[in-house]
Amino acid sequence: MKNFIKVLLIGFVSLSGLISCGDPKIDITSVAYEPKIVVEGYLFADEPVRGIRVMRNFALNQPIDTLSFILDPTITTVKINGDSLLFDIKTYSYYSNNIIVSKGSPYTLEVWGTIDGKELYTTAVTTVPADGFELIKKHPGKFKYGTPIPMDFIPLSPAGFYAFSIRPDSASLSNFIFDNEFNQDMKPEEIQKNLGEFRLRANVVFNIKPNLQDTIKQPIESYNTWFRSTYKTIIYAGDVNFKEYLLSAPNVKEFDGNFHEPKIILKGDGIGVFASAIRDTAYFEVY
């Protein structure tokens, strides 16, 4: 297995990470601003279309108008495979009750919008994986902190890419594991400030041979369980868009300090992500 499996731990990246090593002469403020349609859209097999967000970018070093962050739905058109999506005022996102996402099928997103008086258009295509994976146990049980939690699965997806979202049901100072294996000198105020980083954990497995009929052992280690709580882990078998965005966008700085450009999935006047996956959920408890 180790010969063809690569494991990447996805951390949390801040703008401060841009300051170190690499070329100190880079001046991102010198780049001319271009209005772009910002898309955040994921399709999941056997589910209706939900949560397609259409936003805009802003120029650097200028105040951000939060009231115009979401494109005006009255003058914005969003379609998937030619079907116009509806706008949900509660979630500020687009949806459709007419489309149930099918495994192995392609879906084309098109967006027409206006930013700063300029009419823009963007499009992207995602093809849902034809197959996903089989979880060995959806309820592996209760585990003492520090015990690797088995998250074994049989990979079936031809894409060979799997992402894990690991979230506790409860996350606060009251159930934070202060006697953890990594840093027992953390102050409560430090933990509270970075609570989101401890709560939202993830990792990915990729370069798995397509349709492998063997069991992948992908344990959840203690650096992804900072709270005594029940946990929900969502596993995604993602398409190529899912893979390229997740591996290239969260951290654009290389190990040597230089930068790379995220994979641009959308064509035309768009940036962001439009991807698809097959997903399933597992539950466990850390005490």
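Please read all numbers here as calculations on a predicted model, not as lab measurements. (Residues numbered from 1 in each chain as written. Predicted model: local features only at pLDDT ≥ 70, side-chain atom pairs only at ≥ 80, totals over all residues. Heavy atoms only, no water.)

## A closer look at the nonpolar core
Counting residues in each nonpolar core, the largest one holds 64 residues, and the members touching the most others are Ile-80, Met-151 and Phe-284. The element that contributes the greatest number of residues to this core is strand S17 (residues 270-286), accounting for eight residues. The residues contacting Ile-80, other than those within four sequence positions of it, are Leu-43, Val-49, Leu-85, Ile-99, Tyr-107, Thr-108, Leu-109 and Phe-274. (Core = buried A, V, L, I, M, F, W, Y, C linked by side-chain atoms within 4.5 Å. Buried < 20%, exposed > 50% of the residue type's maximum accessible area, 1.4 Å probe, protein only. Helix = DSSP H or I, 4+ residues; strand = E, 2+ residues; numbered from the N terminus. Contact = heavy atoms within 4.5 Å.)

## Examining the pattern of salt bridges
As enumerated under the stated definition, the model contains seven salt bridges in all. Measuring nitrogen to oxygen at the nearest pair gives 3.8 Å for the salt bridge that ties Glu-34 to Lys-36. One salt bridge connects Asp-280 with Lys-138, and the closest N-O pair in it is separated by 3.2 Å. You can see Asp-280 sitting in strand S17 and its partner Lys-138 sitting in the loop between strand S10 (133-135) and strand S11 (141-143), a full 142 residues away along the chain. (Salt bridge = Lys/Arg side-chain N within 4 Å of Asp/Glu carboxyl O.)

## Quick look at the pairing of strand S9 (residues 118-127)
Two faces belong to every sheet, and in a regular strand the side chains alternate between them. By the bridge criterion, ten bridges tie strand S8 (residues 106-115) to S9 in an arrangement that is antiparallel. Considered in S9, the bridge of Leu-109 is made with Ala-124. Taking the residues that link successive antiparallel strands as the turn, the S8-S9 hairpin has two residues, and the phi of Asp-116 there is positive, at about 55°. Here S9 runs beside strand S16 (residues 267-268); their pairing, made up of two bridges, is antiparallel. Its bridge partner lying in S16, Thr-123 is registered against Lys-267. (Pairing = 2+ DSSP bridges.)

## Topic: the side chain of Asn-180
Counting through the fold element by element, Asn-180 comes out in the loop between strand S13 (161-168) and helix H1 (188-193). With a relative accessible area of 2%, Asn-180 lands in the buried category. In terms of polar contacts, Asn-180 uses its side chain to reach the backbone carbonyl oxygen of Ile-177, at 3.0 Å. Among the polar contacts made by the side chain of Asn-180, one reaches the main-chain amide nitrogen of Phe-182 at a distance of 2.8 Å. Once you skip the residues sitting within four places of it in the chain, Asn-180 turns out to touch Tyr-145, Met-186 and Trp-226. (Polar contact = N/O pair within 3.5 Å; in protein donor to acceptor, adjacent residues only side chain to side chain.)

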